[in-house]
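Overview (structure and organization)
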6 protein chains.
Amino acid sequence: MPLNDLVAKSAPSLAPLPSHFIDAAVRLALDEDLGRAGDITSQAVIPVGAQSEVTMRARKNGCIAGSDAARAAFKIIDPNIQFAPERTDGDTVSPGDVIARISGASRGILTAERVALNFLGHLSGVATETQALVRAIDGTSARICCTRKTTPGLRALEKHAVLAGGGVNHRFGLDDAILIKDNHIAMAGGVTAALKAAQNAAGHMVAIEIEVDNLAQLEEALAAGAKIVLLDNMPPETLKEAVALTAGRAILEASGNITLETVKPVAESGVGFVSVGWITHSAPCLDIGLDFEVSR
Amino acid sequence: MPLNDLVAKSAPSLAPLPSHFIDAAVRLALDEDLGRAGDITSQAVIPVGAQSEVTMRARKNGCIAGSDAARAAFKIIDPNIQFAPERTDGDTVSPGDVIARISGASRGILTAERVALNFLGHLSGVATETQALVRAIDGTSARICCTRKTTPGLRALEKHAVLAGGGVNHRFGLDDAILIKDNHIAMAGGVTAALKAAQNAAGHMVAIEIEVDNLAQLEEALAAGAKIVLLDNMPPETLKEAVALTAGRAILEASGNITLETVKPVAESGVGFVSVGWITHSAPCLDIGLDFEVSR
Amino acid sequence: MPLNDLVAKSAPSLAPLPSHFIDAAVRLALDEDLGRAGDITSQAVIPVGAQSEVTMRARKNGCIAGSDAARAAFKIIDPNIQFAPERTDGDTVSPGDVIARISGASRGILTAERVALNFLGHLSGVATETQALVRAIDGTSARICCTRKTTPGLRALEKHAVLAGGGVNHRFGLDDAILIKDNHIAMAGGVTAALKAAQNAAGHMVAIEIEVDNLAQLEEALAAGAKIVLLDNMPPETLKEAVALTAGRAILEASGNITLETVKPVAESGVGFVSVGWITHSAPCLDIGLDFEVSR
Amino acid sequence: MPLNDLVAKSAPSLAPLPSHFIDAAVRLALDEDLGRAGDITSQAVIPVGAQSEVTMRARKNGCIAGSDAARAAFKIIDPNIQFAPERTDGDTVSPGDVIARISGASRGILTAERVALNFLGHLSGVATETQALVRAIDGTSARICCTRKTTPGLRALEKHAVLAGGGVNHRFGLDDAILIKDNHIAMAGGVTAALKAAQNAAGHMVAIEIEVDNLAQLEEALAAGAKIVLLDNMPPETLKEAVALTAGRAILEASGNITLETVKPVAESGVGFVSVGWITHSAPCLDIGLDFEVSR
Amino acid sequence: MPLNDLVAKSAPSLAPLPSHFIDAAVRLALDEDLGRAGDITSQAVIPVGAQSEVTMRARKNGCIAGSDAARAAFKIIDPNIQFAPERTDGDTVSPGDVIARISGASRGILTAERVALNFLGHLSGVATETQALVRAIDGTSARICCTRKTTPGLRALEKHAVLAGGGVNHRFGLDDAILIKDNHIAMAGGVTAALKAAQNAAGHMVAIEIEVDNLAQLEEALAAGAKIVLLDNMPPETLKEAVALTAGRAILEASGNITLETVKPVAESGVGFVSVGWITHSAPCLDIGLDFEVSR
Amino acid sequence: MPLNDLVAKSAPSLAPLPSHFIDAAVRLALDEDLGRAGDITSQAVIPVGAQSEVTMRARKNGCIAGSDAARAAFKIIDPNIQFAPERTDGDTVSPGDVIARISGASRGILTAERVALNFLGHLSGVATETQALVRAIDGTSARICCTRKTTPGLRALEKHAVLAGGGVNHRFGLDDAILIKDNHIAMAGGVTAALKAAQNAAGHMVAIEIEVDNLAQLEEALAAGAKIVLLDNMPPETLKEAVALTAGRAILEASGNITLETVKPVAESGVGFVSVGWITHSAPCLDIGLDFEVSR
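Parameters and conventions
Within each chain, residue numbers correspond to sequence positions counted from 1 in written order. Chain A is the first chain written and ligand 1 is the first ligand written, with later ones labelled in order. Reporting of local features is limited, given that this is a predicted model, to residues whose pLDDT is at least 70; pairs of side-chain atoms are given and counted only at 80 or more, and all residues count toward the totals for whole chains, interfaces and linings. Note that the side-chain values use all heavy atoms of the structure and ignore hydrogens as well as water. Throughout, a contact is declared for two residues whenever any of their heavy atoms are within 4.5 Å. We define buried area as the total accessible area lost by two parts upon association, computed with a 1.4 Å probe and summed across both. The working definition used for a salt bridge is a side-chain nitrogen of Lys or Arg within 4 Å of a carboxyl oxygen of Asp or Glu. Any pair of N or O atoms that falls within 3.5 Å is considered a polar contact. Within protein, one atom must be able to donate a hydrogen and the other to accept it, and sequence-neighbouring residues count only if both atoms are side-chain atoms. Superposing the copies works by least squares over the C-alpha atoms of residues that have pLDDT at least 70 in both of them. Where helices and strands are cited, they refer to DSSP runs of H or I of at least four residues and of E of at least two residues respectively, numbered from the N terminus. A simple rule labels every residue: compare its accessible area, found with a 1.4 Å probe on the protein chains alone, to the largest value its type can have, and call it buried under 20%, exposed over 50%, or partly exposed in between. In this tally, Asp and Glu contribute negative charge and Lys and Arg positive charge; neither His nor the terminal groups of the chain are included. Simply put, an axis is a line fit to the C-alpha atoms, just over the touching stretch for a helix, and the angle between two N-to-C directions goes from 0 to 180 degrees. Here is the rule for angles: anything less than 35 degrees is roughly parallel, anything more than 145 is roughly antiparallel, 65 through 115 is roughly perpendicular, and the remaining ranges are oblique. By the definition used in this description, the sense in which the near helix is turned from the far one sets the handedness, with an anticlockwise turn below a right angle giving left-handed and a clockwise turn giving right-handed. Gly falls in the polar group here, along with every residue not listed as nonpolar (Ala, Val, Leu, Ile, Met, Phe, Trp, Tyr, Cys, Pro) or charged (Asp, Glu, Lys, Arg). Strands are treated as partners if at least two bridges between them are detected by DSSP. Working rule for helices: expected span equals 1.5 Å times residues minus one. Patch membership requires over 30% relative accessible area and the absence of a salt bridge. Like charges are linked within 9 Å, and nonpolar side chains (Val, Leu, Ile, Met, Phe, Trp, Tyr) within 5 Å. Only the protein chains shown count as cover for residues, and all accessible areas are computed by the Shrake-Rupley method using a 1.4 Å probe. Taken as the charge centre is NZ of Lys, CZ of Arg, CG of Asp or CD of Glu, depending on the residue. An automatic or database domain assignment provides the domain bounds reported here. Stacked, tilted and edge-to-face are the three classes assigned to paired rings of Phe, Tyr and Trp, where Trp is represented by its six-membered ring and a pair needs centres within 6.5 Å; plane angles under 30 degrees give stacked, over 60 edge-to-face, the rest tilted. In this analysis the charged atom, NZ for Lys or CZ for Arg, is taken to sit over a ring once it is within 6 Å of the ring centre and within 35 degrees of the ring normal.

**Re the interface of chain F and chain B**
Chain F puts 11 residues into the contact, and the matching count from chain B is nine residues. Interface area, chain F with chain B, both sides summed: about 900 Å², of which 56% is carbon and sulfur. Its largest share of buried area at the contact with chain B, chain F owes to F:His20, F:Phe21 and F:Phe172, together 51% of the area lost on that side. Between chain F and chain B we count one salt bridge in total. B:Arg36 is the salt-bridge partner of F:Asp175, the closest N and O atoms lying 2.5 Å from each other. Taken together, chain F and chain B are joined by two residue pairs in polar contact (both at pLDDT 80 or more).

Shown next as structure tokens:
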């Protein structure tokens, strides 16, 4: 059985992140926004008893992620605010689509609004870019995956947004899998030496991947028992050769300067995974707005 | 003296953020990357005593921000690593320009590399977008400023990156200045009522800004003593009328759907400030790489 | 319109601090009091099922602040304890007045009692001193405001207590407004130079105040466009001259060695604000007691 | 040997609090003051390379406490600032006395100044009030001690300031000693029952004190083996009777409405300790200033 | 009245630790287990709606402690999980005894299971070892107590487990009682000098214990007013002599190399307390399992 | 190449944990021990200037782990204390062997001693038990590995101690690898269904292990592409059959009720790994003492 048949083939059903993860990140952002005195505008201007019904709507096409964080922002500010989602993580939206209906004390809604939208917009941006890539390679057997090039402090949330967009996750940090890169190889004394050192040290629950720049390195890696290989910056034709040469003995991941325009031929080469850094580090915010429907 | 003459006119000399701010953010990101076992790849593959000299280089044109965070990432992992900057926050770079030279234990350099680059790339991206806008309006009397549409957890660092790019900062949070928006006006019973409520509540050290959608609202605001007015989504011609109507009685800020292409006429209208959300929420990462020059 | 007409004129309606601010401060204080073993006296001496009804009463005249913190202390220890307030922040009390009725498990009430009273007594002390000054200048157009001379760790709560007492807040920290003092002026090269440097650097949402020692400095400051001026340690007659000289061009704040006895003439000089450090750093605790009415 | 002979008789030599205690409290206060943008006044107005020599001087008579916290405030902001103390915790000062000489970057000194003074002023206030009481009872065998009526968040520092003023500490929290008060007695079913319950539960390293309102309760407590008794709100004559009745079998502590005027006869009654809440909860800040001697 | 009659004689009724203590420890452990992505096995394998009923059962004889922590682990992961205890802290169990019945979403139960069992097993191990010693000395007047030799981070919970097992607690840390050991004595210049220094410094609420190695030191300590003495590493006969020599003037604690086999004669010597480090630092985990009864 | 040839074969060279991991754990433990007043015994009894030279010695045979934590305890309390290690993590010791020589201020040494020893003793206990198992299977091709049955809060340190003892680590938490157990299998609908669900969801950097109870399940797992299989509670003969049946297609791990006495035949069966929970959850503390050699 080719090794690639034993890894993620379809979009996994999306489990929510543990709520205390979300809450911690949202509290940090609320603290950052509320500072030492809270929302002094709403305190000064909005009557104490005022109630509002507002609608959170997409203003662009995209894929939603971060809805739990948006909900948490309102609930932490005022547990009595009602947050009724109409779209959840992984859903696609078109301009005008309602994502959630929110009602409750106007002051609280206005106070939480920006933090809720900052999370939802940023994470939906990540999901949207991921989804665009996923759709671009539809019909191939490859999967889109992310990297460690994430926004500081938001890795777990951005990784979750990648899942929402239909991608899969690469390792979460330096500690949960081994990825031997060019500098490691150079300092270890070559592909075989680096790989043997890693195999010798790693426990059986740690995946080991090695990055290669050319087919000679790939052959050396496979001979040394590599089971996961990162093919760095290879053109589609070379990738095809790599797939043929590997013949199912290892999982292959293509990486390097991949764009929405170039991803299709990369995926069609037969590699199992295509990893892209910019879906997390450079995804533009998805435009989402909050409309006040009724206030009284 | 027109009020606009009393606010930021040139790029302020850039003071570094307090080091314990930086350290706290960098530690959080390192914890996120190191997880529970640290950098298991380098531990397994890189010889204990190996030393390296590496160069951090720009791969694209841009403006640098976040160099203190990059330095902190290496120093927290290993205080003996030397970090010699050749460019600092606010400097512009071209492809190939050296940003810093780093030397020390190879393991530590490899461990800190990604977190250092994640901060530097993200914040330099913010500075670069800001600088592009600042340059686009060169020759006008307007300044580019940011919003509260920032990446959760990184507001202070992104605001600093805006300064590095030659912009100025809008308020830092909900607590340090009043900004009365359309929904506040609606719930407070109109421009005058909202403004009076804010003036009545705010101490003398709190700036009050009010957002208006049209010239009638602007007139009402000025009559009620507004000193800072946000002109929302007005075309350049209307902005010019607003400037003329205001006649120096208030500082004017233009906002809404402003791009690199459209910013020039907005700034030429005579407003004092042009605020843009995407320089913080949607700036792509600046491409910066780490090259290993010598390892032994 | 004189600038002073555009700032706080009446006691703002008092918005509660965000509950998670309060909770964080109260948890810190409870941890400090409970240590590693909790309330060992109540555990040893009070029967497990005992219930009590207690009354929190003022023992002196004063103004209440901190009631949310007092409530939080009981609720964090035991969510089933009922806390029914009869007075809230900003209310005045006389000896014997009931502030709150509390009922529930005796152990929990005894455990939380001291922390609740420590917050309520301290913050009510701040509100009471503030209120005394506010009353002393009743009929003038001046307002009492606070400074950054606060108890470490309690700034936001003490600033809120100042509002409860009818005062207004000066800046919350070094970051949310500029205050140029004598040493800044000396090092910057004079009033004009310091003010220009500040105006040049500050965004439009940052208030700038400058401290002057005499009328010559005041004139220089006004000529340089100062909009907020702190008149340091001037006798009432000089303050009057300052008010006349300013003629509505700037907001004036008087400061320095102001007591309950001397505040009236200061306020009558026509300044807009009188700032006092001791309402936060030296307010004696308001005497409040907890009486056990029924225990069973 | 009367039990009172086995407890604190002279001012203990004052050990500094662990530095990481101090640092944690000072960092919290600096964060509170620096907010999200740091000291924007100094950044805007003070030239980058400016250096200053400043002198911290007492402006009133008093006793110093908190000098480690003051030092830490400067050092955390800028480790290159020199802080040379001329007085330390426990020293008495007169107006004009130099407490410390500080030199280094002007920006850093100005940034740390207020937090340093807030700690030093507050804690020296506590030490000064304590010392006044200690001096007032000079010649008696009694000692002044504090209570749990402390400022939330500052208990350890205030307890240390009490030692600096020559007092001794009562328990630090609810967990490190047992103090049975009137409500405990009422709910436990009387003095003997409460005391027996406490003795039965407490390990041998936990001190047990019981509060009594009259001599009958004192007799009951002594009969039940009480070794430490709090005499609540008794006039000096009754205290004398209590001392005679106890005859060295227990340590006696007097408490309740004790002022600088009334403390002497209380101490002369022969009790071992006089406890006073207001030395921690209501001590006015000691007036201490920072004078810039040289700036260049 | 011999001093030993005034200390803990029977197992105190066990008050639960404050819930926010427990929660903090459990959250730390959950974070440690959930890492950055949560329970990826259950997310992948367990159907979203699956419900289970599980039973927590003892697999060995022992004494329960930590049931509140176990409950908290489930509740923090999913507040809708029902946790019905059948045994609580201090109860003894035999193999097969049900400790709790838990029902709710299968995913949440599987996610929290290990953390819940890690707390319950570890703390029940401490309670079980304590109880074995307590039973071994049944009929004597001595009590088993613990030391500061605890697992880092778990002191309060382990001390509570000691109470659950029928023991009593020694001091909780370096700050709540004085224990003068051999090195202190050596550096202070002898037993009397060390004891006098401690008595002179300590407030009246601080217990003072001194460790002695032989009867000469014991006599010296008693002469100097020692009220609590630790008899270090003495054989039972010497302990008996020490008890006779002391004659009720001090509480005596025996310590050093005490095992389940040797504890009886130590206790029979007449000492009040026998302290043992290994009940906290070396107690093996009590074997407790979670059986899935029904899943649907 | 049999899969087992591609995993850890020799004791990996032991990289130290990142120092800020260690520091965080040690600070927590120091806070726990120092409480609110620090080491009141040393403060009262030890002269301020006293210096000591002390030796940390093993009192039993064992394997060292936690020496960085021990060092950190002294350095955090007093950076001037010298800590000169003579043994480091992974070294074996006999009674009397010097582990480290420590010199500096006596007060600081006494204050840090217990926390240093608590870490060193606990973690060396884990390393010692691991080493005993490793030695017991010397000559076989199997490795000893740990589980998630760790002491709450100490997982990373205990996992490191397992490496010090010559073992390898299983997964660090629920998030870094998939382990499908009996309950997962039952709820997923069988071995094949569970395995397919996991393969379908997991990215390529996530190892998947499945637990089987018998050879039929093993065959089913292998047929479904399992690469790592946990053989639960099988006798050595069955393990041998499992090894033969697997024929190098998967890595095999044996688990369940394995003791020092029974581990040899388990390892000789040919499995690659033997996992044991009690090396982390029930390892007795290694007895290590601190001897004061010179004090002056």
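**Concerning the relation of the copies chain A and chain B**
Least-squares fitting of chain A to chain B yields an RMSD of 0.0 Å, with the superposition described by an axial translation of 0.0 Å and a rotation of 180 degrees. The transformation just described matches what one would write down for a two-fold rotation axis. With an isologous cut-off of 70% or more, the 100% of interface residues of chain A that recur at the interface of chain B puts this contact in the isologous class.

**Quick look at the side chain of C:Glu113**
Residues and elements named next belong to chain C. In this fold, Glu113 is placed in helix α4 (residues 106-136). With no salt bridge to any partner, buried Glu113 finds its closest opposite charge in Arg114, at an N-O distance of 5.0 Å. The contacts of Glu113, once residues within four sequence positions are left out, are Phe74, Leu290 and Phe292.

**Quick look at the packing of helix α8 (residues 215-223) of chain E against helix α9 (residues 236-246) of chain E**
Residue and element names in this part refer to chain E. Viewed as axis vectors pointing N to C, α8 and α9 meet at an angle of 20 degrees, and their least axial separation amounts to 10 Å. When the axis of α8 is compared with that of α9, the two are roughly parallel. Where α8 crosses over α9, the handedness of that crossing is right-handed. From α8, Leu215, Leu218, Glu219 and Leu222 reach across to α9, where they touch Thr238, Glu241, Ala242, Leu245 and Thr246. Taken together, the residues of the contact of α8 with α9 sort by class into five nonpolar, two polar and two charged.

**Points about the sheet that holds strand β6 (residues 143-145) of chain A**
All names here are of chain A. The sheet built from six strands is open, its strands ordered β6-β11-β10-β9-β8-β7 with parallel pairing. With one partner strand each, in any of the chains shown, β6 and β7 (178-180) form the two edges of the open sheet. Ignoring strand direction, the axes of neighbouring strands in this sheet form an average angle of 25 degrees. Judged from the five bridges that link them, strand β9 (residues 228-232) and strand β10 (residues 251-255) form a sheet pairing that is parallel. Each residue of the ladder has a partner; that of Ile228, found in β10, is Ile251. Those strands touched by helix α8 (residues 215-223) are β8 (208-212), β9 and β10, and its axis lies near 155 degrees from that of β8.

**Here's the deal with the environment of D:Asn4**
Secondary-structure assignment places D:Asn4 in the segment before α1 (19-34). Distance from D:Asn4 to D:Ala250, taken between C-alpha atoms, is 7.1 Å for residues 246 residues apart in sequence.

**Overview of helix α1 (residues 19-34) of chain B**
For an α-helix the count is 3.6 residues per turn, leaving residues at separations of three or four pointing the same way. For α1(B), built from 16 residues, the straight-helix expectation of 22 Å at 1.5 Å per residue is met to within 8% by its first-to-last C-alpha distance of 21 Å. Among all positions of α1(B), only B:His20, B:Phe21, B:Ile22, B:Ala25, B:Val26, B:Ala29, B:Leu30, B:Glu32, B:Asp33 and B:Leu34 are buried. Of the surrounding elements, those touching the buried residues of α1(B) are α5 (155-164) of chain A, α3 (67-77), α4 (106-136) and α5 (155-164) of chain B, α1 of chain D together with α1 (19-34) of chain F. Positive phi shows up at B:Gly35, right after α1(B), with a value of about 55 degrees.

**A look at the environment of C:Gly203**
Residue placement: C:Gly203 occurs in the loop between α7 (191-201) and β8 (208-212). Sequence separation between C:Gly203 and C:Ala84 is 119 residues, and the spatial gap between their C-alpha atoms is 46 Å. If we skip the residues at most four places from it in the chain, C:Gly203 touches B:Val7, B:Ala8 and B:Asn169.

**Digging into a positive patch on the surface**
A cluster of like positive charges, contributed by A:Lys227, A:Arg249, F:Lys227 and F:Arg249, occupies part of the molecular surface. By the secondary structure assignment, F:Lys227 is in the loop between α8 (215-223) and β9 (228-232). According to the relative accessible area criterion, F:Lys227 is partly exposed, its value standing at 32%.

**Things to note about the domain arrangement of chain A**
All names here are of chain A. For chain A, the assigned domains are domain 1 (3-12 + 137-281) and domain 2 (19-133 + 284-295). Each of domain 1 and domain 2 has a C-alpha centre, and these two points are 35 Å apart. Taken together, the contact pairs 20 residues of domain 1 with 16 residues of domain 2. Note on domain 1 versus domain 2: buried area summed over both sides is about 1,400 Å², and carbon and sulfur give 77% of it. The three residues of domain 1 that bury the most area against domain 2 are Leu157, Ala164 and Ile279, which together make up 35% of that side's buried surface. The tally of links from domain 1 across to domain 2 stands at two residue pairs in polar contact (both at pLDDT 80 or more). Here the side of domain 1 that touches domain 2 takes six residues from α5, the largest share from any one element. Partitioning the side of domain 1 that touches domain 2 into residue classes produces 12 nonpolar, seven polar and one charged.

**Things to note about the relation of the copies chain F and chain B**
Note on the chain copies: they are related by a rotation about an axis and a translation along it. You can overlay chain F on chain B at an RMSD of 0.0 Å; the transform is a turn of 120 degrees with a shift of 0.1 Å along its axis. In short, the pair behaves as if placed about a three-fold rotation axis. Taking C-alpha positions as the reference, the residue of chain F nearest the rotation axis is F:Ala24, at 7.8 Å.

**Topic: the sheet that holds strand β12 (residues 288-295) of chain F**
Sheets are built from strands paired through backbone hydrogen bonds, the pairs being either parallel or antiparallel. Residue and element names in this part refer to chain F. With antiparallel pairing, four strands are arranged side by side in an open sheet as β3-β5-β1-β12. Every interior strand has two partners, whereas the edge strands, β3 (82-85) and β12, have only one. Sheet twist, expressed as the mean angle between neighbouring strand axes with direction ignored, is 20 degrees. In the sheet, strand β1 (residues 51-58) pairs with strand β5 (residues 98-105) via seven bridges, with the strands oriented antiparallel. Across the sheet, Glu53 pairs through a bridge with Ser103, a residue of β5. Running over the sheet, helix α3 (residues 67-77) touches β1, β3, β5 and β12 and is turned about 165 degrees from β3.

**Some thoughts on the pattern of salt bridges**
Inspection of the entire model under this criterion finds 60 salt bridges over all chains. Between E:Arg296 and E:Glu53 there is a salt bridge, with the nearest N and O atoms lying 3.6 Å from each other. Of this pair, E:Arg296 sits in the segment after β12 (288-295) while E:Glu53 sits in strand β1 (residues 51-58), and the two are 243 residues apart along the sequence. Salt bridges linked by common partners bring A:Asp33, B:Arg148 and B:Arg155 together as one network.

**Considerations on the interface of chain A and chain B**
Each side of the interface is counted separately: chain A has 60 residues, and chain B has 60 residues. At the surface where chain A touches chain B, the tally comes to four salt bridges. When the shortest N-O distance is used, the salt bridge between A:Arg148 and B:Asp33 registers 2.7 Å. One can count 28 residue pairs in polar contact (both at pLDDT 80 or more) joining chain A with chain B.

**Details of the packing of aromatic side chains**
Inspection of the entire model under this criterion finds six aromatic pairs over all chains. When the ring centre of B:Phe172 is taken as reference, the NZ or CZ atom of B:Lys159 above it lies at 5.3 Å.

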